[in-house]
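Spelled out from the first residue to the last, the chains are:
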Amino acid sequence: MEDKENRIFSVFLSLGSNLGNKERNIEFSYKKIEEQIGDIKSSSAFFYSSPVGFISENNFVNSVCEVTSYLDVDSIFAASQRIEKEMGRVGKSLNGVHSDRIIDIDILLINDLIINRPDLVIPHPRLHERSFVIIPLSEIAGDVLHPVLKKTIRELKEEFYRKFQI
């Protein structure tokens, strides 16, 4: 029988910032992630993108990282929310309405878990529809299988390219 206290999770997080020194915000987030969630195993290059879902003059810097964590899912989620608040994020998106943010941390995948709760959906339901997520995720986790779509991240990226003719 598996001891839950010693379960290791492979957590993929997406980070985005479109206020202040965006690259520094992400780097600082990495430090907070290592302090509060676990060891960063790998991280993607920075990916620059326009806002999606709202209009802003501020473009985003995005990155994806893989974290090895002993925390349970709820603790990982709570820590990601806490890091956002500690960095000055005021309010999350409400009813799909997005706004500028100093940092946004989304949980993309945790092992092969499928969670569908009002407060948390894993895998992230739109990870395969967003260039600023699927491209950097493919960079560090191309062979990882999406537990719902049953395709590798690389396959999802290729489908994204075909769909949007990138």
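Each remark here, short or long, concerns the structure printed above.
The following paragraphs examine the structure supplied in this document. Since the structure is predicted, the reported quantities are computational estimates derived from the model, not experimental observations.

About the thresholds
Residues numbered from 1 in each chain as written. Predicted model: local features only at pLDDT ≥ 70, side-chain atom pairs only at ≥ 80, totals over all residues. Heavy atoms only, no water. Helix = DSSP H or I, 4+ residues; strand = E, 2+ residues; numbered from the N terminus. Expected span 1.5 Å × (residues − 1). Buried < 20%, exposed > 50% of the residue type's maximum accessible area, 1.4 Å probe, protein only. Arc of directions from axis to C-beta. Contact = heavy atoms within 4.5 Å. Polar contact = N/O pair within 3.5 Å; in protein donor to acceptor, adjacent residues only side chain to side chain.

## Details of helix α2 (residues 73-86)
Piece 1. In a regular helix each residue adds 1.5 Å, so 14 residues correspond to 20 Å; α2 covers 20 Å between its end C-alpha atoms and thus fits that length.
Piece 2. Within the sequence span of α2, burial applies to Val73, Ile76, Phe77, Ala79, Ser80, Ile83 and Glu84. End-on view of α2: buried residues confined to an arc of 160°, all on one side of the axis.
Piece 3. Next to the buried residues of α2 lie β1 (9-17), α1 (22-36), β4 (60-69), β5 (104-110), β6 (115-116) and β7 (121-122).
Piece 4. The backbone nitrogen of aspartate 74 lies 3.1 Å from a side-chain oxygen of the residue at the head of α2, namely aspartate 72.

## Points about the environment of isoleucine 115
Piece 1. Relative to the elements of secondary structure, isoleucine 115 occurs in strand β6.
Piece 2. On the basis of relative accessible area, isoleucine 115 is assigned to the buried category, the value being 15%.
Piece 3. Between the C-alpha atoms of isoleucine 115 and valine 67, which are 48 residues apart in sequence, the distance is 18 Å.
Piece 4. In this structure isoleucine 115 touches Val73, Leu120, Val121 and Ile122, once residues within four positions along its chain are discounted.

These results come straight from atomic positions and should not be treated as a statement about function.
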